[in-house]
Amino acid sequence: HDVDIRADLYSLGATFYFLLAGHPPFPEGTISQKLISHQTKTPTPIRNIRPDVSPELAAVLNKLMAKSLTERYQTPAELYEALLPFV
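Residues numbered from 1 in each chain as written. Predicted model: local features only at pLDDT ≥ 70, side-chain atom pairs only at ≥ 80, totals over all residues. Heavy atoms only, no water.

So, about the overall build of the chain. If you tally the helices and strands in the chain, you get 5 helices and 0 strands. Reading the chain from its N terminus to its C terminus gives the helix and strand order α-α-α-α-α. The C-alpha radius of gyration computed for the chain amounts to 13 Å, which stays within 12% of the reference 12 Å derived for 87 residues, consistent with globular compactness. Each of the three principal axes of the chain carries a C-alpha extent, and together these read 40 × 35 × 15 Å. Residue pairs at least 24 apart in sequence account for 59% of intrachain contacts in the chain once pairs closer than 6 positions are excluded. When the accessible surface of the chain is split by element, carbon and sulfur atoms take 60% of a total near 5800 Å². If you average the places of the 8 positive and of the 9 negative side-chain charges in the chain, the two averages end up 7 Å apart. (Helix = DSSP H or I, 4+ residues; strand = E, 2+ residues; numbered from the N terminus. Rg over C-alpha atoms; globule rule 2.2 N^0.38 Å. Contact = heavy atoms within 4.5 Å. Areas by Shrake-Rupley, 256 points an atom, 1.4 Å probe, with all protein chains shown as cover. Lys, Arg positive; Asp, Glu negative; His and termini not counted. Charge placed at Lys NZ, Arg CZ, Asp CG, Glu CD.)

Here is the structure:
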């Protein structure tokens, strides 16, 4: 119930995953099953789908989609700093 900006960062991670993988992080199941998967499961590692994604960029994606709020980027500015090496 402590929803804050980090929920938006998770959503950005899911969008980023879709852009890289060509499908959402949890493409199968009912809407309810997908919602539960977002809360409890880790998606297939992006490098299993796209081996050309660098380990460093995969780490950014993993941190965006971390289940624990404390393991996720805390602010958009923190994410911005992490992405600077890629632009």
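Let us look at the nonpolar core. Counting 18 residues, the largest nonpolar core has Ile46, Leu61 and Leu64 as its most contacted members. Secondary structure elements with two or more residues in this core: α1 (5-21) and α4 (55-64). Looking at this core, the element that brings in the most residues is α1, giving 7 residues. (Core = buried A, V, L, I, M, F, W, Y, C linked by side-chain atoms within 4.5 Å. Buried < 20%, exposed > 50% of the residue type's maximum accessible area, 1.4 Å probe, protein only.)

With that settled, the discussion passes to the environment of lysine 41. With respect to the helices and strands, the residue lysine 41 is situated in the loop between α2 (31-40) and α3 (46-49). A C-alpha to C-alpha distance of 21 Å links lysine 41 and glutamine 74, two positions 33 residues apart in sequence. Once residues lying within four places of it in the same chain are set aside, the contact partners of lysine 41 are Phe26, Ile36 and Lys67.

What follows deals with the pattern of salt bridges. Summed over the entire model, instances satisfying the criterion amount to 3 salt bridges. Note that arginine 6 and aspartate 4 form a salt bridge whose closest N and O atoms lie 2.6 Å from each other. Overall, arginine 6 belongs to the buried group, its relative accessible area being 15%. Among the residues examined, aspartate 4 registers a relative accessible area of 31% and is labelled partly exposed. As a salt-bridge pair, arginine 50 and aspartate 52 come within 2.8 Å of each other at their nearest N and O atoms. (Salt bridge = Lys/Arg side-chain N within 4 Å of Asp/Glu carboxyl O.)

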